[in-house]
Structures are given as C-alpha cells and as structure tokens.
Amino acid sequence: MTRDELADLLADQASYRVTQIWDGLYRHGTAPGDLTVLPLQLRARLAGNGALAPSLQADAQLEADRGATVKWRWALSDGRRIETVLMRMSSERPAAPDRANPRATVCVSSQAGCAMACGFCATGQAGFDRNLTTGEIVEQVVRARTEATRRGWRLTNVVFLGMGEPLANYDRVWPAVRRLHDDVGLSARHLTISTIGIVPGIRRLAHEDLPVSLAVSLHAANDELRSRLVPVNRRYPLAALTEACRVWQIAKGRRLSLEWALIHGVNDRRSDVVELAELARSLAAHVNLIPLNPTPGFATRGTPPEGVRAFRDRLADRGVNVTVRHNRGTDIAAACGQLAAAVAGPEPAAAAEAR
C-alpha cells in the first residue's frame, strides 16, 4: 500500500493512526497486528487485510563466513522464489565509540528471474518470471534489518545486485528507493543500483532528485566481447552506455563504479586491461573486480587468485582506482540465482556465481 491508500483504509480513524502504522511498518518492521499502540479491534482488522500482510515467506535461510553472511530464499504469494543476502561489513579500523555495532549491507532482488540472459549468471540462465512489486522489494530490506538488529549489526547499505535487472523494473524499483530513503530512513548515498547497462534507465536516474549510487556491470570493454557476455550490449553498445554514464555523472557529481567479473582466458588478458583502463579513466570510474565463481551451464571458470591480483596491479599501474571484491557465502550459493534454482530441496547447489 501507498501511504495515501493506507489513509483511505483508515478514513474512519484519527489521522495520527496512519503515521503510527506507517512508522511501525517501515521504521520498526512491525506488522500492524502486532502494533501494541493500536486498539485491539483495529489491530485485528488490519491483521486480516491482505494488502498489509507480509509478502515474503522464508523457505530457506543459510549462513556462511562464520555467521557474517546470511542468505534467504523467499517464496512469494504466487510460488515464485527470490533471494536476499545480508552481509556484515568488515573493517580493519576499530569502530568509533558511538558506532560500536558493525555495519551491514543487504543485497536485494528486483525481479523474479532475469531476462538479460548473461550466460555466466545463474539468474540469467533461469529466465524471467516477473517484476517484483515495490512492497516485495522494500520488505526484503525491512526483514534483513530486523535480522541485522537481532545480531547487533546496523543495516546501513542496500545494493540492488540480487536477482533481476533493476532498471528493467524501474517503475517499481524507484518507488522502493524512495521508501527506503523517506520511510525506512536510509541515506540515498548508501543505496546502490547496479545495472547491466540499460541506457534509458541510467538517463532517467540522472533526472531523479535522490543521489543514489550507480554501478555498471561491464565485464568487457569492447563491443564484440561484451555482446557475447552481455547480450543487451547489442541493443545498448558501449558508446551509448558510456555517454549515458557521463550524463549521470554530470547530473549527480558522483563517482561511477564499473563491475568486472573475471573469467579465465576470456576477459582477464592484457588486452582487456588496456581496454578497461582506457574506458575507466575516461569516466573517472572506480573498478570493482569480482572473482567469478563457477556456475553450472557456463563452460569457463573464474580467473585464479594470482591472475586476479595481476589484473588488479596492471590496472593500478595504468592509473585506475581498483579494488577486488571479497567473495562471500560461496558455500551457501550466496550469489544471485543459485539458491532460488534449488527449489526441489532444502540444500542449495554447491557452486555459486558472481554477477
């Protein structure tokens, strides 16, 4: 429900009841039927309203990295499955006295399945089912925040890097971003939308009023290779993609992130370093290298650790700001799409991938 729809539902109540319920849902993650500030009769009435009921039912919850990574497989009301991953953020620096609790990031899904058909992605191999609603997206964050709080963590970051392409579901994703900022209370700069390169969506983001972060899953810096790895590149080639990124940068004054999943012998060669460095420097972008984990159905394998380090060092030597993402939750299929595909039983597939 939108806030206006909730107000219509409560037209016979005092106006402050809308605020009590809305804050209960978004600030505190409490179902209306459990809001003790409400009269029992009203709580019972709201508990029976399907539009206010939870939309996610956990049918798998797994942990990895000594409890620092939690992954859920949710069953939706129509039986489709999506995934959410909660990760405690590590830091070598001691926490400030007023920030003793470690920070956490949640990776959320925006679609059930994905239509982008990237061959090295488990979600892309599974195909597309449907867009998630705004409520289904926001509820992933609220449920993850509840778990983070229970563990003594502070949920500070949200990344749209789970199942699906966020900008292909723009009309539901952006209202979710607004609710996460306005109602859940998260900083816009700590909300990151990751896209495979949907140019119209990037241009729309440039005109929005919230300065959310943008990450582009690049994976190749020439059109021939990128079209093989990322089929949507045939529709939005690199020239159009980089121009849209420049429009976003000028409008927002923010640094762009480029995601690069390293695939052995495919996009980890010296020629790839040269091409990526040239593109990254032209956009003053940060490069985030992702060691690719094996995905069933994709014949190649990820670059070995020594190759990842060499690729990173060569980029740095060319003046590129670069980091390597630490793999999380490999033993629980924590990368998007793997656990949702394992619907036949409680155990996930052993392998995991990284988008």
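Refer to the preceding data block for the structure.
Worth saying up front: this structure is predicted, and the values here are computed from it rather than measured. Each chain carries its own residue numbering, running from 1 in the direction its sequence is written. Given that the model is predicted, a residue must reach a pLDDT of at least 70 before its local features are reported, and side-chain atom pairs must reach 80 or more before they are shown or counted; all residues, however, enter totals for whole chains, interfaces and linings. To get the side-chain values, all heavy atoms of the structure are used, and hydrogens and water are removed first.

**Focus: the pairing of strand 7 (residues 154-160)**
Okay, step 1: Burial classification: accessible surface area is computed with a 1.4 Å probe over protein chains only, and a residue below 20% of its type maximum counts as buried, one above 50% as exposed, and the rest as partly exposed. For the purposes of this entry, the term helix denotes a DSSP run of H or I that reaches at least four residues, the term strand denotes a run of E that reaches at least two, and both are numbered from the N terminus. Counting buried residues in strand 7 gives six out of seven residues, a clear majority hidden from the surface.
Okay, step 2: Whether two strands pair comes down to DSSP finding at least two bridges between them. As judged from the five bridges shared by strand 4 (residues 103-107) and strand 7, these two strands associate in the parallel manner. Bridge pairing in strand 7 links C107 to V159.
Okay, step 3: As defined by bridge partners, strand 7 adjoins strand 8 (residues 191-195) across three bridges and the pair is classed as parallel. Across the sheet, residue F160 finds its bridge partner in strand 8, namely I193.
Okay, step 4: One crossover worth recording links strand 7 to the parallel strand 8 by way of helix 6 (residues 170-182), and it is right-handed. Clockwise travel from the first strand over the helix to the second, with the strands pointing away from the viewer, marks a crossover as right-handed.

**Structural notes on the nonpolar core**
Okay, step 1: In terms of nonpolar packing, the biggest core is built from 97 residues, with L86, L258 and L315 touching the most fellow members.
Okay, step 2: Those residues in contact with L258 that lie beyond four places of it in its chain are V216, L218, L276, L279, A280, A285, H286, V287 and N288.
Okay, step 3: With five residues, the next largest nonpolar core counts V85, M87, V159 and L161 among its residues. We call a set of buried Ala, Val, Leu, Ile, Met, Phe, Trp, Tyr and Cys residues a nonpolar core when their side-chain atoms join them within 4.5 Å. The contact definition used throughout considers only heavy atoms, calling two residues in contact when any of these lie within 4.5 Å.

**A short note on the side chain of K252**
Okay, step 1: For K252, the position within the fold is in helix 9 (residues 238-252).
Okay, step 2: No salt bridge is formed by the buried K252. Its closest oppositely charged neighbour is D209, at 6.6 Å.
Okay, step 3: Leave out the neighbours within four places in its chain, and K252 touches L205, A206, H207, E208, D209, L210 and P211. Just so you know, the count uses Lys and Arg for positive and Asp and Glu for negative, and it drops His and the chain ends. In the sections that follow, a salt bridge refers to a side-chain nitrogen of Lys or Arg positioned within 4 Å of a carboxyl oxygen of Asp or Glu.

**As for the packing of helix 10 (residues 270-283) against helix 11 (residues 305-317)**
Okay, step 1: Helix axes are fitted to C-alpha atoms over the stretch in contact, other axes to C-alpha atoms as well, and angles between N-to-C directions run from 0 to 180 degrees. At a minimum axis distance of 10 Å, the contact between helix 10 and helix 11 shows a crossing angle of 40°. As far as their axial angle goes, helix 11 and helix 10 are oblique. When the axes of helix 10 and helix 11 are compared, the crossing they make is right-handed. On helix 11, the residues that touch R270, D272, V273, L276 and A277 of helix 10 are F311, R314 and L315.
Okay, step 2: Under the scheme applied, nonpolar residues are Ala, Val, Leu, Ile, Met, Phe, Trp, Tyr, Cys and Pro; charged residues are Asp, Glu, Lys and Arg; polar residues are all the others, including Gly. The class makeup of the residues in the contact of helix 10 with helix 11 is five nonpolar, no polar and three charged. Roughly parallel covers angles under 35 degrees, roughly antiparallel covers those over 145, roughly perpendicular covers 65 to 115, and oblique covers all other angles. Crossings are sorted by hand: turned counterclockwise from the far helix by less than a right angle, the near helix makes the crossing left-handed, and turned clockwise it makes it right-handed.

**As for the packing of aromatic side chains**
Okay, step 1: Only Phe, Tyr and Trp rings are paired, with Trp represented by its six-membered ring, and only when their centres lie within 6.5 Å; those with planes under 30 degrees apart are stacked, over 60 edge-to-face, the remainder tilted. Scanning the entire structure with this criterion turns up four aromatic pairs.
Okay, step 2: With 4.5 Å between their ring centres and 35° between their planes, W22 and Y26 make a pair best called tilted. One end of the pair, W22, and the other, Y26, are both in helix 2 (residues 16-26), four residues apart, so they sit about a helical turn from each other.
Okay, step 3: Counting as a charge over the ring demands two things of the Lys NZ or Arg CZ atom: a distance within 6 Å of the ring centre and an angle within 35 degrees of the ring normal. Directly above the ring of Y170 sits R204, whose terminal nitrogen or CZ lies 3.8 Å from the centroid.

Distances and angles like these do not, on their own, reveal function.
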